[in-house]
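Topology and contacts: notes
The lines below spell out each chain.
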Amino acid sequence: MKSASSYNRLRAQVLLLAIVVALYLLYSNYSSTNSNDNSTPPYSLYADLNQKEEEIGQKFLESLQLIETQKNPKFVLFRQHEGTDFGNQTQEILLHHHLALQSSRFYIYQPFYWKSRNEQLPLSAFLLGASQERAVPASFVEKLCPKGSDDVAHIKIQSTQEDLWNTALSALKRKEKCIIVDNPIIDTAYLSSPTAESIWPLFQKHLARWFQWSPQILDIVERTQAQLNLRRHFSNLHGEPYIALHLHRKEFLEHCKTAAQQHLGFTNWANLPAILSTTLPPRLNPGNDSSVMEHCSPSLSRVMDAIDRQVRRKPYLRSVHIIHDGVASTDLRKLENALKNPGRAQRAGWTYGPIKSLTHSAMVPHEPEEVDFLVGADVELARRAEVFIGNGYSSLSSYIVALRMAGDLVVAGIPEAITLL
């Protein structure tokens, strides 16, 4: 009997251990499936794109030799800011490309810097225009602009904000074949100044002609619109017209406090007069800390006021898609409860009742190897929306506004289709 009892206890212990191991493996598998931290960057794709950039660059240089007026081409390589986020980095690249073409030089583009992994990725994985049109990759620098050559000039461009663009254009008209600009020249302070308004009309045309996302980003966008039933503005495709709402997570509050302390106004293109006019009242007063915080870190009621404003103007809008970088689920629930509340919708004057569909960035369908492209997909989904509600203190919102005001969706960029919180 004692031997049988010992055997049964051992059997029970083994069974318990097996259950614990099985539960652990099940939890581990669930965690890895539901965590972006375990995403796998598409390094094979990146290697292929690097090679393709080299091939396209070589064919482009060879084609120049066949054009009589381009047998003595000139190039420029700009110093970029280090460690900037997706929106600021892509915007700086597009402005550099624009400045190069305005000065009749070909643009030498650099890899896209991925800050979180401290990696350099092929620019063509994200942007096509600046990496394929009148441009060559930085890997050609040694060949085109050899060190020590009299035909290579290293310069620094320094100027007041008022004269910066014209000073840069003048500096790039030097006779040397290659100009390498050794200091970053375009920053948020410049783009947020009144002077930036003067360069906007030509930059708007540049975006309309040259801006283009990569196939990787557009694939995610098309898939998302199909699965989340979101219709591209003024298209005849199936789906619901939607409001795109850009929200930040709570960490953005620290940026807002700094903006209040330093009495900063809106950032970048949000300062264009036509866009400033879209600000939800009351108007921003940068000299007033409370005013800055009200606009930079808007309350739920303020966000709902902005949505009310657009839904009353376009009653058929019944879907909201939220662009965010990790907004707390509790905040999303509060917003969803407000948007889907029939009583509140009636009091706010919504003709057809509450919002039917609320989707957000975390619902965008993607594979683990596509995580790097999600920010670009977010921006394009906001660009395609019938209405965009953004934060004037956010460089990403400002970038979205700029893209909506250019290209094939110019009508989506009219002031009535935009609200700044």
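See the structure printed just above.
These lines cover the structure that appears in this document, whether it is placed above or below. (Residues numbered from 1 in each chain as written. Predicted model: local features only at pLDDT ≥ 70, side-chain atom pairs only at ≥ 80, totals over all residues. Heavy atoms only, no water.)

1. Considering unusual backbone geometry
If a residue is not glycine, its phi is most likely negative; likewise, a peptide bond is most likely trans. Heads up, the rule is: Secondary structure is summarised from DSSP: a helix means a run of H or I of at least four residues, a strand means a run of E of at least two, and numbering begins at the N terminus for each. Each residue gets one of three labels from its accessible area relative to the maximum for its type: buried under 20%, exposed over 50%, partly exposed in between, using a 1.4 Å probe on protein chains only.
Here the bond from proline 281 into proline 282 is cis, since omega is 5 degrees, no more than 30 degrees from zero. A positive phi angle, close to 60 degrees, is found at serine 104, a residue other than glycine. Topologically, serine 104 is positioned in the loop between helix H3 (86–102) and strand S2 (106–109). By relative accessible area, which is 55% here, serine 104 ends up exposed. Unusually for a residue other than glycine, asparagine 229 sits at a positive phi of about 60 degrees. Relative to the helices and strands, asparagine 229 is located in the loop between helix H9 (215–227) and strand S8 (242–247).

2. Considering the pattern of salt bridges
Selection criterion: Think of a salt bridge as a Lys or Arg side-chain nitrogen and an Asp or Glu carboxyl oxygen that are within 4 Å of each other.
Per the counting criterion, the structure on display carries 14 salt bridges. The partner of glutamate 370 in a salt bridge is arginine 223, and the shortest N-O contact between them spans 2.9 Å. With glutamate 370 in the loop between strand S10 (357–360) and helix H16 (374–384) and arginine 223 in helix H9, this pair connects stretches of sequence that are 147 residues apart. Owing to a relative accessible area of 13%, glutamate 370 belongs among the buried residues under this scheme. A relative accessible area of 24% places arginine 223 in the partly exposed class. Measuring nitrogen to oxygen at the nearest pair gives 2.6 Å for the salt bridge that ties aspartate 308 to arginine 344. One end of the pair, aspartate 308, is in helix H13 (residues 300–313); the other, arginine 344, is in helix H15 (residues 342–347), with 36 residues separating them in the sequence. Each of Glu222, Glu380, Arg383 and Arg384 takes part in salt bridges that share partners, so that together they form one network.

3. Things to note about the side chain of threonine 195
To keep it simple, the criterion reads: Residues are treated as being in contact if the distance between any of their heavy atoms lies within 4.5 Å.
Relative to the helices and strands, threonine 195 resides in the loop between helix H7 (188–191) and helix H8 (196–210). The residues contacting threonine 195, other than those within four sequence positions of it, are Gln161, Glu162 and Tyr190.

4. Quick word on the environment of histidine 81
Note the following rule: Between N or O atoms, a polar contact is any pair within 3.5 Å; within protein, one atom must be a potential hydrogen donor and the other a potential acceptor, and residues adjacent in sequence are included only when both atoms are from side chains.
Along the polypeptide, histidine 81 turns up in the loop between strand S1 (75–78) and H3. Sequence separation between histidine 81 and asparagine 183 is 102 residues; the distance between their C-alpha atoms is 8.6 Å. In this structure, histidine 81 is in contact with Glu92, Pro184, Ile186 and Asp187, ignoring residues within four places of it in sequence. A polar atom in the side chain of histidine 81 sits 2.9 Å from the side chain of glutamate 92.

5. Details of the sheet that holds S2
Our working rule: Two strands qualify as a pair provided DSSP detects at least 2 bridges between them. In this analysis an axis means a line fitted to C-alpha atoms, helices contributing only their contacting stretch, and an angle means the value between N-to-C directions, from 0 to 180 degrees.
Taken in spatial order, the 5 strands line up as S5-S2-S1-S7-S6 in an open sheet, and their pairing is parallel. Pairing within the sheet leaves two strands with one partner each, and these edge strands are strand S5 (135–137) and strand S6 (152–155). For this sheet, the mean inter-axis angle between neighbouring strands, taken without regard to orientation, is 25 degrees. Relative to S5, S2 runs parallel, the two sharing 3 bridges. The residue of S5 that forms the bridge with isoleucine 108 is valine 136.

6. Notes on the side chain of threonine 224
Turning to its location among the elements, threonine 224 is positioned in helix H9. Leave out the neighbours within four places in its chain, and threonine 224 touches Asn229, Val364, Pro365 and Leu381.

7. Looking at the packing of H3 against helix H6 (residues 164–171)
Definition in use: Each angle receives one of four descriptions, namely roughly parallel if under 35 degrees, roughly antiparallel if over 145, roughly perpendicular if within 65 to 115, and oblique otherwise. Should the near helix be turned anticlockwise from the far one by less than a right angle, the crossing is termed left-handed; should it be turned clockwise, right-handed.
Taken N-terminus to C-terminus, the directions of H3 and H6 make an angle of 55 degrees; their axes are 9 Å apart at the nearest point. In terms of their interaxial angle, H3 and H6 are classed as oblique. Considering the relative orientation of H3 and H6, their crossing is right-handed. Between H3 and H6, the contacting residues are Leu95, His98, Leu99 and Gln102 on the first element and Trp165, Ala168 and Leu169 on the second.

8. A short note on the packing of aromatic side chains
To keep things clear, this is the line we draw: Aromatic rings from Phe, Tyr and Trp, with only the six-membered ring used for Trp, were paired whenever their centres fell within 6.5 Å, and each pair was classed as stacked if the ring planes differed by under 30 degrees, edge-to-face if by over 60, and tilted otherwise.
Throughout the structure, instances matching the rule amount to 17 aromatic pairs. Between the aromatic rings of tyrosine 46 and phenylalanine 373, the centroid separation amounts to 6.3 Å while the plane-to-plane angle is 80 degrees, which identifies the pairing as edge-to-face. Taken as a pair, tyrosine 46 in helix H2 (residues 43–64) and phenylalanine 373 in the loop between S10 and H16 lie far apart in primary sequence, 327 residues in all. One exposure class covers both tyrosine 46 and phenylalanine 373, and it is buried. Seen in terms of ring centroids, phenylalanine 86 and phenylalanine 126 are 6.2 Å apart; in terms of plane orientation they differ by 75 degrees. Their pairing is edge-to-face.

9. Let's talk about the state of the cysteines
Test applied: Note that a disulfide, as used here, is simply two cysteine sulfur atoms within 2.5 Å.
By the definition in use, this model includes 2 disulfides. Disulfide pairing places cysteine 145 opposite cysteine 178 at an S-S distance of 2.0 Å. The sign of the -70 degrees torsion about the S-S bond sets the cysteine 145-cysteine 178 disulfide as left-handed. Here cysteine 178 lies in strand S7 (residues 178–181) and cysteine 145 lies in the loop between helix H5 (141–144) and S6, a separation of 33 residues in the sequence. Cysteine 178 matches cysteine 145 in its accessibility class, with the two residues each being buried. Residue pairing for cysteine 256: its cysteine sulfur links by disulfide to cysteine 296, the two sulfurs lying 2.1 Å apart. Measuring handedness by torsion sign, the sulfur bridge of cysteine 256 and cysteine 296 sits at about -80 degrees and is left-handed. Taken together, the residues cysteine 256 in helix H10 (residues 252–261) and cysteine 296 in helix H12 (residues 289–296) connect sequence positions 40 residues apart. Accessibility assignment for this pair places cysteine 256 and cysteine 296 in one class, buried. Indicated for the protein is the disulfide connectivity 1-2, 3-4, based on numbering the bonded cysteines in sequence order.

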